[in-house]
Every structure is written in structure tokens, then in C-alpha cells.
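# Descriptive structure summary
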Amino acid sequence: MSQPGMTKESKARSIAAQNRRASIRYRCAPATLGKIISTDDHEMQRAWVLDLSQKGIGMQVARPIESGRLVIIAMKSNIDAKIFELPAHIVYCNPLAHGEWHAGCELITPLTPEELEQLL
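The rules behind each value
- Residues numbered from 1 in each chain as written.
- Predicted model: local features only at pLDDT ≥ 70, side-chain atom pairs only at ≥ 80, totals over all residues.
- Heavy atoms only, no water.
- Salt bridge = Lys/Arg side-chain N within 4 Å of Asp/Glu carboxyl O.
- Helix = DSSP H or I, 4+ residues; strand = E, 2+ residues; numbered from the N terminus.
- Buried < 20%, exposed > 50% of the residue type's maximum accessible area, 1.4 Å probe, protein only.
- Core = buried A, V, L, I, M, F, W, Y, C linked by side-chain atoms within 4.5 Å.
- Contact = heavy atoms within 4.5 Å.
- Phe/Tyr/Trp six-rings, centres within 6.5 Å; stacked < 30°, edge-to-face > 60°.
- Lys NZ or Arg CZ within 6 Å of the ring centre and 35° of its normal.
- Polar contact = N/O pair within 3.5 Å; in protein donor to acceptor, adjacent residues only side chain to side chain.

## Points about the pattern of salt bridges
Close approach of charged atoms allows side chains with opposite charge to pair. Enumeration over the complete set of coordinates arrives at four salt bridges. R69 is the salt-bridge partner of D40, the closest N and O atoms lying 3.9 Å from each other. Taken together, the positions of D40 in the loop between β2 (33–38) and β3 (44–52) and R69 in the loop between β4 (56–61) and β5 (70–76) put the pair 29 residues apart, joining distant regions of the chain. D40 sits in the exposed class, given a relative accessible area of 57%. Here R69 ties to D41 by a salt bridge, and the two come within 3.9 Å at their closest N and O atoms. Residue R69 is located in the loop between β4 and β5, and its partner D41 is located in the loop between β2 and β3; the two are separated by 28 residues in the primary sequence. Put simply, D40, D41, E66 and R69 are held in one network by salt bridges that share partners.

Below you can see the structure in the form of C-alpha cells.
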């Protein structure tokens, strides 16, 4: 339902403010496994990859990772079993209800459409 007195232009600005994603996120298949390797201490932890876009990755992890940390995310291609090692920054890491964490990462180098297709 539209609000009285709202122009098309102000509606568009309102929608744009609500959707701040830089690129479309795609849900990954259930049980899509990845690894996060911290570049500081080379600590590794497994992660369930929840969604993927050309510029970012959302993952479920067992331990929190501090925002701003530089990491390498390792994922296997669904097409030819090639391993991708994707450098990224942790943007946020929020607690989930069952004791795990939801980490959002921004890729240092965006994926090409071909690479994104290989990983989905």
C-alpha cells in the first residue's frame, strides 16, 4: 500500500535505502562447505556457506571472527572440483540463536559471473 503524498522518486529512494546490497546474493545448496583461514595467525575453521554474490559471502561459523579481519575463504567448485581461495574482509559476525555465528564477508576481488556460476 502506498503512502499518501509519496512520489515515485521518493518511493524509489526509500526502497534503495532499504536494499543496500551491492550485488545480488544467491543461496547456496544446503551443506555447502567452505574454510576460513585467518591471514594473521593462519587459524582455520570450517564454515557453512549460506549465500554468495559477486562481491560477498555469508557463512555460518562455530567461533566469532572480528570485523575487519583479513581472511582467505576456500571453496570447492561444484563443476570441476577446483579449489577457489578468495581473499576477503570480515564485515560483521553476529551471534545466532543456537550458539554459532553468522559472518558476512566482502571479497577483495569480485567474482566474475563465470566464477560465481562455478561456485553455486
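## Comments concerning the nonpolar core
Counting residues in each nonpolar core, the largest one holds 22 residues, and the members touching the most others are I57, M59, I73 and L86. Secondary-structure elements contributing two or more residues to this core are β3, β4, β5, β6 (83–95), β7 (101–107) and α2 (113–119). No other element matches β6, which puts five residues into this core. Ignoring sequence-local partners within four residues, the contact set of I57 consists of R25, V49, D51, L52, I73, M75, L86, A103, G104, C105 and L107.

## As for the packing of aromatic side chains
Per the stated rule, a full pass over the model turns up zero aromatic pairs. Looking at K82, its charged tip hangs above the ring of F84, at a distance of 4.6 Å from the centre.

## Digging into the side chain of Q60
For Q60, the location among the structural elements is in strand β4. Looking at Q60, the relative accessible area reads 17%, which means it is buried. Among the polar contacts listed, one links the side chain of Q60 to the side chain of E100, at a separation of 2.3 Å. The contacts of Q60, once residues within four sequence positions are left out, are A47, W48, L50, L96, H98, E100 and W101.

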